[in-house]
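Remarks on the overall topology
If you want the building blocks of each chain, they are given just below.
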Amino acid sequence: MIENEDEIVQEEEEGTELELEALYRRYCVRLKHALFVSALCVTLLCTLVLLCAVCVLHSQELSTQVTSITSLSVISFILLSVLALALLPAAGEWETFALTGSVLVTISLGAGTLMATHHAPLPLFALILMVHTMMPIARSIALVMATALTLAYIALAVGLGPRGQEDQFYQQLICELALLLSASGIGLYYRALTERAHRKTFAGTRTCLEQRVKLECEREQQESLLLSVIPAYIAAEHCDFTVP
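Calculation criteria
Residues numbered from 1 in each chain as written. Predicted model: local features only at pLDDT ≥ 70, side-chain atom pairs only at ≥ 80, totals over all residues. Heavy atoms only, no water. Helix = DSSP H or I, 4+ residues; strand = E, 2+ residues; numbered from the N terminus. Buried < 20%, exposed > 50% of the residue type's maximum accessible area, 1.4 Å probe, protein only. Contact = heavy atoms within 4.5 Å. Areas by Shrake-Rupley, 256 points an atom, 1.4 Å probe, with all protein chains shown as cover. Expected span 1.5 Å × (residues − 1). Core = buried A, V, L, I, M, F, W, Y, C linked by side-chain atoms within 4.5 Å. UniProt positions renumbered as here; feature names shortened; annotations may be inferred. Axes fitted to C-alpha atoms, helices over the stretch in contact; angles between N-to-C directions. Parallel < 35°, antiparallel > 145°, perpendicular 65-115°, else oblique. Nonpolar A, V, L, I, M, F, W, Y, C, P; charged D, E, K, R; others polar. Phe/Tyr/Trp six-rings, centres within 6.5 Å; stacked < 30°, edge-to-face > 60°.

We now examine the overall build of the chain. Counting its secondary structure elements, the chain contains seven helices and zero strands. Put simply, the chain runs from its N terminus to its C terminus through helices and strands in the order α-α-α-α-α-α-α. Relative to its 244 residues, the chain shows a buried fraction of 29%. Of the contacts formed within the chain by residues at least 6 apart in sequence, a portion of 70% connects residues at least 24 apart. Summed over its atoms, the accessible surface of the chain is roughly 16400 Å², and 66% of this surface lies on carbon and sulfur atoms.

The next point concerns helix H4 (residues 121-133). Helix length check: H4 (13 residues) gives 18 Å between terminal C-alpha atoms against 18 Å at 1.5 Å per residue, within 8%. Of all the positions in H4, only Pro-121, Leu-124, Phe-125, Leu-127, Ile-128, Met-130, Val-131 and His-132 are classed as buried.

If you look at the biggest cluster of nonpolar residues, it comprises 36 residues, and the most contacted ones within it are Leu-40, Val-105, Leu-124, Met-135 and Tyr-153. For this core, the secondary structure elements donating two or more residues are helix H1 (2-57), helix H2 (66-86), helix H3 (95-114), H4, helix H5 (139-160) and helix H6 (166-229). When residues in this core are grouped by element, the largest group, seven residues, is from H5. What Val-105 contacts, discounting residues up to four positions off in sequence, is Phe-36, Leu-40, Leu-79, Val-82, Met-130 and Met-135.

Moving on, we get to the UniProt feature "transmembrane region" (unreviewed entry) in the chain. When the UniProt feature table is mapped to this numbering, "transmembrane region" (unreviewed entry) covers residues 34-57, 69-91, 137-157 and 169-190. Helix and strand shares over residues 137-157 are 90% and 0% respectively, and the end C-alpha atoms of the span are 28 Å apart. The distance from the first to the last C-alpha atom of residues 169-190 is 32 Å, and the span holds 100% helix and 0% strand.

Contact geometry for H4 and H5: axes closest at 9 Å, N-to-C directions at 170°. Between H4 and H5, the angle is such that the two are roughly antiparallel. Contacts between H4 and H5 involve Pro-121, Leu-124, Leu-127, Ile-128, Val-131 and His-132 from the former and Ala-142, Leu-143, Met-145, Ala-146, Leu-149, Thr-150 and Tyr-153 from the latter. A breakdown of the residues in the contact of H4 with H5 according to their chemical character gives eleven nonpolar, two polar and no charged.

So, on to H2. Taking 1.5 Å per residue, 21 residues should reach 30 Å; H2 reaches 30 Å between its end C-alpha atoms and fits that length. Residues of H2 that are buried: Ile-69, Ser-71, Leu-72, Ile-75, Ser-76, Ile-78, Leu-79, Val-82, Leu-83 and Ala-86.

Geometrically, a pair of aromatic rings is defined through the distance of the ring centres and the angle of the planes. One pass over the full model with this rule turns up one aromatic pair. Plain terms: the ring middles of Phe-169 and Tyr-170 are 5.1 Å apart, the flat faces sit at 75° to each other, and that makes the pair edge-to-face. Given a relative accessible area of 39%, Tyr-170 falls into the partly exposed group.

A word on the side chain of Arg-191. Here Arg-191 shows up in helix H6. Aside from chain neighbours lying at most four places away, what touches Arg-191 is Lys-32, His-132, Ile-137, Ala-138, Arg-139 and Ala-142.

What follows is the structure in structure tokens.
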């Protein structure tokens, strides 16, 4: 009989553990979704500002900026579409949307950045940080996407070839590679620290709730014990005096 009770208690504890873990995952998903929406808003604003700047600065020669205007317009449309879907009430729970939206945004921004070629390292640095820290995807997927962006830029730079002074070109390429790798390193480090902080915060909240439930159980046991020993009206008076 005692063994059966122990098994029931153990099953209840395991069920509680699963519920708390599911609650923690839901909390992380919502937090990452909020970061993703913020990143989309900032990126969309920057893209629109850049598009307006190109149109204003080259108003006399727009025909020479067709490629830039077209690429910025396409990127803006993609960002706006993903943002509109991300703002839907149930979008935070869609794992497929999180992955698809993240990949689509990364490809569009990466392609647009790589078109700048020699000016691409700094925007790619920001994009890789965004992939690691602000997109609702797993760490392994983020690492694969960041690696693909880095390799794509290196392949493009080598494919275009150095224009004289090869030693200087390869030294610069090594520095740019170090910059992009550092973006991945910083992103992974920040993500690990953030996840650890969230886990500690959740564990602290969980401990407070468990202590509160434990106190409530002990209070109910004391009241049951009082009711079994002394009359109910005397126990009620006693509880009124003892319980704040």
